[in-house]
Amino acid sequence: MKDSDWQILYELYKTPNMTKVANLLYISQPSLSKRLQSMEEEFHVEIVKRTTKGLEFTKQGELLAKKAQEYMIFLQQLKKELLEFQEENMKIIVLGASYTYSKFVLTELLYEYTKAHPNVQFELQNDQSNLVFQKACDGEVDVAFVNGDYEGGVIQKKIYECQAYILSKGPIEISDLLNRPRIAYKTNDKTRAILDDWWDQTFHVPVPGGMSAGFIDVSWQLASKGLGYVCCFLPKGFDNSYHLTLTPIYYPDGRPVLRNTWFVYKEEKYSKEVQEFIRYIESLTV
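Residues numbered from 1 in each chain as written. Predicted model: local features only at pLDDT ≥ 70, side-chain atom pairs only at ≥ 80, totals over all residues. Heavy atoms only, no water.

1. Focus on the packing of helix H5 (residues 99-116) against helix H9 (residues 272-284)
At their nearest, the axes of H5 and H9 sit 12 Å apart, and the two run at 125° to each other. Considered as vectors, H5 and H9 are oriented oblique to each other. Once H5 is placed against H9, the crossing between them reads as right-handed. Taken together, the residues of H9 that come into contact with H5 (itself represented by Leu 109, Leu 110, Glu 112 and Tyr 113) are Glu 273, Glu 276, Phe 277, Tyr 280, Ile 281 and Leu 284. (Axes fitted to C-alpha atoms, helices over the stretch in contact; angles between N-to-C directions. Helix = DSSP H or I, 4+ residues; strand = E, 2+ residues; numbered from the N terminus. Parallel < 35°, antiparallel > 145°, perpendicular 65-115°, else oblique. Left-handed = near helix turned anticlockwise from the far one by under 90°. Contact = heavy atoms within 4.5 Å.)

2. What about the pattern of salt bridges?
Pairing is possible between side chains of opposite charge, provided their charged atoms come close. This model, assessed by the stated rule, comprises 9 salt bridges. In this structure, Lys 49 engages Glu 46 in a salt bridge whose closest nitrogen and oxygen atoms are separated by 3.0 Å. Relative accessible area serves as the criterion here: at 39%, Lys 49 is assigned to the partly exposed category. Classification of Glu 46 by relative accessible area gives partly exposed; the value is 40%. One salt bridge connects Lys 158 with Glu 161, and the closest N-O pair in it is separated by 3.2 Å. Look at Lys 158 and you get partly exposed, because its relative accessible area is 30%. (Salt bridge = Lys/Arg side-chain N within 4 Å of Asp/Glu carboxyl O. Buried < 20%, exposed > 50% of the residue type's maximum accessible area, 1.4 Å probe, protein only.)

3. Observations concerning the nonpolar core
With 49 residues, the main nonpolar core has Phe 145, Trp 198 and Phe 277 as its most contacted residues. In this structure Phe 145 touches Leu 95, Gly 96, Ala 97, Ser 98, Tyr 101, Leu 106, Val 132, Ile 159, Trp 262, Phe 263, Phe 277 and Ile 281, once residues within four positions along its chain are discounted. Of all hydrophobic cores here, the second largest spans 20 residues; its members include Leu 9, Val 21, Leu 55 and Ala 65. (Core = buried A, V, L, I, M, F, W, Y, C linked by side-chain atoms within 4.5 Å.)

4. Some remarks on the packing of aromatic side chains
Each aromatic ring pair is described using two quantities: the centre-to-centre distance and the angle formed by the ring planes. Applying the stated criterion across every chain yields a total of 19 aromatic pairs. Their ring planes at 35° and their centres at 5.0 Å tell us that Phe 145 and Phe 263 sit as a pair that is tilted. Linking Phe 145 in strand S5 (residues 143-147) with Phe 263 in strand S11 (residues 258-265), this pair joins segments that are 118 residues apart in sequence. By relative accessible area, Phe 263 is classed as buried at 0%. With a centroid separation of 4.3 Å and an interplanar angle of 45°, the aromatic rings of Trp 199 and Phe 203 are classed as tilted. Within this pair, Trp 199 and its partner Phe 203 are both found in helix H7 (residues 189-203), separated by 4 residues, close to a single helical turn. (Phe/Tyr/Trp six-rings, centres within 6.5 Å; stacked < 30°, edge-to-face > 60°.)

5. Things to note about the state of the cysteines
With the rule as written, the count across this model stands at 0 disulfides. You can see Cys 231 has no disulfide; the closest cysteine sulfur is in Cys 232, sitting 7.0 Å from it. On the accessibility criterion, Cys 231 (2% relative accessible area) is buried. (Disulfide = S-S within 2.5 Å.)

Here it is, written out as structure tokens:
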């Protein structure tokens, strides 16, 4: 007997109509009749009689139907208790992260962590780094990953530095950027300030206007069509799927243009699960 067989008996006893029960269980009426026949063969009894008034359960069939009802109630209660047990033991960490960090770094990090900690789930909140940082300060998230340097009442651990690049369809000289269209994209104020400072030190003129994209990966796609160049920071393991030319940029004194990525959290007593995740991330820092 399968669980579905007990359900068939349970539903047929409530509604002794083959067509209605077949529709209820999303199976064909011939399949339903075949399953009923198999049950009769298994128990060596006649379960139902087909009369002019419809289906009529035999004494043995009524016994099986009542046992089916008990079994279905037991099964539903068991599933409910198992779900409650699972939810009770499942711990949720509320995590904030910038869009780019989530897309290019965080997915793999959380995948590896949850493999070793199956009782932990993450509630991920994505936003611009300045807004994510504020959520961490306000305690709206347990921990957060932000790009750029911010000040506030949280502990900050530097994860890594990433360098800024010019992304273009083909090779490009830095001195030639003034004569090329630039593609802007939505980013946080700290990132924009670093890139604007580099531009000001290098060219001593305002950043030019031009085409604008909502998300950074859209700007890369536009650059791959030769519509301009993009000035941005690239994460570790950047997947250059658009086959762009990557030209690192430097300040006039030769220093690379860098942006810090920080892991931040408030200095307070967290659950054991959050503390373990904090230790894990800090073990990965450079």
